[in-house]
Amino acid sequence: MEKKLLNWLEIDSGAIKKNIDTIRKLAGKRQIAVALKANAYGHGLAEIISLLLKNKKGDIQYIALHSLDEAILARKFGWDRNILIVGYIALNDLSAVFDYNLEPTVYNIETISQLGKLSEKFKRAVFVHLKIETGTNRQGIEPGKIKKAVEVIKKYSHLKLKAVSTHFANIEDTTDHSFAESQLNNFNEAVANIKKIGLKPELLHTASSAALLLFEKTKFDLVRPGIAFYGLWPSKETYLSYRLQGRSNKILKPALSWFTRIIQIKDILPDSFVGYGCSYRTTSKTKLAVLPVGYYDGYDRSLSNLAYVLIKGKRAPVRGRICMNLMMVDISDIPGVKLEEPVTLIGKNDKESISAELLAGLANTVNYEIVSRINENIPRIII
Ligand SMILES: *Cc1c(COP(=O)(O)O)cnc(C)c1O
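Residues numbered from 1 in each chain as written. Predicted model: local features only at pLDDT ≥ 70, side-chain atom pairs only at ≥ 80, totals over all residues. Heavy atoms only, no water.

*Asks:* Sorry, what's going on with the layout of surface pockets here?
*Replies:* If a probe the size of a water molecule is rolled over the atoms, the empty space left behind becomes visible. Quantified by volume, the largest pocket comes out at close to 990 Å³. Around the largest pocket, the lining is made up of 43 residues, and of these Tyr-41, Glu-172, Ile-227, Pro-234 and Tyr-368 lie nearest the centre. Broken down by secondary-structure element, the contributors of at least two residues to the lining of the largest pocket are α2 (37–41), α9 (209–214), α10 (236–244), α11 (356–362) and α12 (367–372). The residue makeup of the lining of the largest pocket, split by class, is 18 nonpolar, 16 polar and 9 charged. Within this model, the second largest pocket holds a volume of roughly 430 Å³. Taken together, 21 residues line the second largest pocket, and the ones lying closest to its centre are Pro-254, Leu-256, Ser-257, Gly-347 and Lys-348. Looking at the lining of the second largest pocket, the elements that each hand over two or more residues are β10 (256–261), β18 (342–349), β19 (352–354) and α11. (1 Å grid on protein atoms, 1.4 Å probe; cavity = no way out; pocket = protein on both sides within 12 Å on 5 of 7 lines; lining within 4 Å. Points joined across faces, edges and corners; volume = space filled by probe spheres on them. Helix = DSSP H or I, 4+ residues; strand = E, 2+ residues; numbered from the N terminus. Nonpolar A, V, L, I, M, F, W, Y, C, P; charged D, E, K, R; others polar.)

Shown next, in the form of structure tokens:
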């Protein structure tokens with residue numbers, strides 16, 4: 001007997017296909033590395049890999065992951081094409097780069113040296129992506145250390161500089177792109193230097209979703225979209241900038257929906273309190289529904305008394321605080337609701353819908369955080 005799901009996600013494979021088509025159009029003939037870190041932005045690493053492998057066009061050659069652990073899982077789930085690691089691998093664990101055939105992003109001389117030594121020891125090639133510090137001041141090798149990095153790379157014949165990359169600080173957050181332009185100048189300068197010292201990287205890459213959507217000059221040879229692949233816009237500003245260029249707003253389709261079911265319905269009196277801290281008090285007779293989802297599942301506690309869910313195509317406001325595994329919603333104005341009635345937390349329900357952006361706005365965060373923090377134990381169903 002199939003178990004009745006009480007808390008599940010649906011991943012719309014048609015939406016993913018559409019978003020891949022959009023990304024392919026924006027990327028032209030360039031290579032594409034889809035960001036699948038953070039459990040594929042909460043969409044499920046195994047599920048998204050299975051969709052990518054089934055995608056007939058088969059033109060996604062790279063996935064971008066944060067950690068060695070994610071890469072090991074991706075290999076286990078059958079991903080046999082390129083893996084770009086955008087995070088950090090501990091010096092002690094770098095032999096895994098060879099075991100799992102990974103392309104690490106490098107920005108420390110120590111990492112480069114260690115990879116060089118291992119490549120010599122194993123007599124095997126290793127392909128690295130050198131990340132340049134251009135103004136984000138996150139990972140990236142400072143311009144003053146590039147010469148040294150190149151010298152180390154040249155020392156080891158099996159150590160190949162496959163790519164040079166950087167990451168923009170401020171494309172998502174503003175419609176003014178002058179800072180991105182300055183980062184691009186710094187990047188181009190660093191690349192020119194690297195070539196002058198005698199290395200020829202095969203690929204240059206800088207563009208995440210926002211850059212891919214807005215900036216032709218950032219696309220180079222490979223693009224690294226994440227959020228757009230899942231059908232979400234990087235930000236309101238990116239959306240506005242894109243629309244101001246006079247382009248279509250129908251190019252991305254959100255792939256993720258989140259559902260649960262009502263586990264209890266009760267009638268409570270006026271002046272009753274709801275939940276921990278008695279933070280909500282009824283003003284009239286109220287029909288309350290209890291849902292088996294809480295902040296452990298990734299439904300942010302800051303949505304307490306703020307958000308709503310959808311039941312029978314109608315909005316049911318969250319009452320009281322979000323608990324660890326439970327929450328309560330007001331269904332007084334929704335007739336005919338039964339025990340185990342399905343509930344939409346994110347996604348469409350009849351004519352109403354709740355977007356990740358709506359929840360992000362209420363929770364004072366971004367759509368990235370709303371989807372990526374959905375607990376990885378919740379089943380993901382591909383539809
Ligand atoms: C996550 C990530 C991306 C994807 O960013 P989006 O804004 O989701 O498109 C691109 N590049 C790097 C280095 C990343 O870590």
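So much for the structure itself; the text now carries on.
*Asks:* Teacher, can you tell me more about the environment of Phe-127 here?
*Replies:* Along the chain, the position of Phe-127 falls in strand β6 (residues 126–131). For Phe-127, a relative accessible area of 35% puts it in the partly exposed group. Distance from Phe-127 to Trp-258, taken between C-alpha atoms, is 39 Å for residues 131 residues apart in sequence. If we ignore the near neighbours within four places in the chain, the residues touching Phe-127 are Leu-102, Glu-103, Pro-104, Lys-160 and Lys-162. (Buried < 20%, exposed > 50% of the residue type's maximum accessible area, 1.4 Å probe, protein only. Contact = heavy atoms within 4.5 Å.)

*Asks:* Even after reading the chapter, I still don't get the pattern of salt bridges, so can you show me in this structure?
*Replies:* Close approach of charged atoms lets side chains of opposite charge pair. Counted under the stated rule, the structure contains 14 salt bridges. In this structure, Lys-4 and Glu-340 form a salt bridge, with 3.3 Å as the shortest nitrogen-oxygen distance. You can see Lys-4 sitting in the segment before β1 (7–11) and its partner Glu-340 sitting in the loop between β17 (327–330) and β18, a full 336 residues away along the chain. Among the salt bridges present, the one from Arg-24 reaches Asp-59, with a minimum N-O distance of 2.9 Å. Of this pair, Arg-24 sits in helix α1 (residues 13–27) while Asp-59 is found in the loop between α3 (45–54) and β3 (62–65), placing the two residues 35 residues apart along the sequence. When salt bridges that share partners are traced, they join Arg-30, Glu-216 and Lys-219 into one network. (Salt bridge = Lys/Arg side-chain N within 4 Å of Asp/Glu carboxyl O.)

*Asks:* What's the story with the domain arrangement of the chain in this structure? I'm lost.
*Replies:* Accessible area lost during the coming together of the parts is what is often quoted as the interface size. For the chain, the assigned domains are domain 1 (13–244) and domain 2 (256–354). Put simply, the middle of domain 1 and the middle of domain 2, counted by C-alpha atoms, are 40 Å apart. (Domains from an automatic or database assignment.)

*Asks:* How do you make sense of α3 when you look at a structure like this?
*Replies:* Given 3.6 residues per turn, any residue in an α-helix points the same way as the ones three and four places further on. Residues of α3 that are buried: Leu-45, Ile-48, Ile-49, Leu-51 and Leu-52. The arc enclosing the buried residues of α3, seen along the axis, measures out at 160°, which places them on a common side. Of the surrounding elements, those touching the buried residues of α3 are β1, α1, α2, β3, α4 (68–76) and β20 (380–382). (Arc of directions from axis to C-beta.)

*Asks:* Hey, could you run me through the site of the ligand in this one?
*Replies:* Near the ligand, the surroundings consist of 14 residues, among which Lys-37, Tyr-41, Ser-209, Ile-227 and Tyr-368 are the closest. Residue Tyr-41 places a side-chain N or O atom 2.5 Å away from an oxygen atom belonging to the ligand. In this structure, Ile-227 approaches the ligand through a main-chain N or O atom, which is 2.8 Å from an oxygen atom. Put simply, the ligand lies in the largest pocket. (Near = heavy atom within 4 Å. Polar contact = N/O pair within 3.5 Å; in protein donor to acceptor, adjacent residues only side chain to side chain. Sits in = over half its atoms within 2 Å of the grid points.)

*Asks:* Would you mind showing me how to read the pairing of strand β2 (residues 31–35) here?
*Replies:* Remark: a regular strand shows side chains that alternate across the two faces of the sheet. Across the 5 residues that make up β2, a large majority, 4, are buried. Judged from the 3 bridges that link them, β2 and β3 form a sheet pairing that is parallel. Bridge assignment links Ala-33 to a residue of β3, and that residue is Tyr-62. (Pairing = 2+ DSSP bridges.)

*Asks:* Teacher, can you tell me more about the nonpolar core here?
*Replies:* Generally speaking, a soluble globular protein has its nonpolar side chains buried in company with each other. In this structure, Leu-36 and Tyr-299 are the most contacted members of the largest nonpolar core, which totals 123 residues. Composition of this core by domain shows at least three residues from each of domain 1 (13–244) and domain 2 (256–354). Excluding anything up to four places from it in sequence, Leu-36 contacts Leu-45, Ile-48, Ile-49, Leu-52, Ile-63, Ala-64, Leu-65, Phe-229 and Tyr-230. Grouped together as the second largest cluster of nonpolar side chains are 7 residues, Tyr-280, Leu-288, Cys-323 and Met-328 included. (Core = buried A, V, L, I, M, F, W, Y, C linked by side-chain atoms within 4.5 Å.)

*Asks:* Honestly, unusual backbone geometry in this entry has me stumped. Any pointers?
*Replies:* Of all residues except glycine, most have a negative phi; of all peptide bonds, most are trans. Positioned with a positive phi, Asn-305 is a non-glycine residue whose angle comes to about 60°. Relative to the elements of secondary structure, Asn-305 occurs in the loop between β14 (286–291) and β15 (308–311). The class of Asn-305 is partly exposed, set by a relative accessible area of 31%. Phi at Glu-340 takes a positive value of approximately 70°, unusual for a residue other than glycine.

*Asks:* Whenever I open this one, the sheet that holds strand β5 (residues 103–106) confuses me. Can you help?
*Replies:* Through backbone hydrogen bonds, the strands of a sheet pair up, either in parallel or in antiparallel fashion. Reading around the barrel, the 8 strands line up as β2-β3-β4-β5-β6-β7-β8-β9 and close back on themselves, with parallel pairing between neighbours. In the sheet, strand β8 (residues 203–207) pairs with strand β9 (residues 222–223) via 2 bridges, with the strands oriented parallel. Opposite Ala-207, over in β9, you have Val-223 as the bridge partner. Strand contacts of helix α8 (residues 178–196): β6, β7 (159–165) and β8, with the helix running at about 160° to β7, the strand carrying the most contacts. (Axes fitted to C-alpha atoms, helices over the stretch in contact; angles between N-to-C directions.)

*Asks:* Explanation requested: empty space enclosed by the protein in the structure shown.
*Replies:* Per the stated rule, a full pass over the model turns up 2 cavities of 30 Å³ or more. As for the largest cavity, its lining consists of Gly-87, Tyr-88, Ile-89, Leu-94, Pro-104, Thr-105, Val-106, Tyr-107, Asn-108 and Thr-111. For the lining of the largest cavity, the leading source of residues is β5, giving 3 residues. Of the residues that constitute the lining of the largest cavity, the class distribution is 6 nonpolar, 4 polar and no charged.

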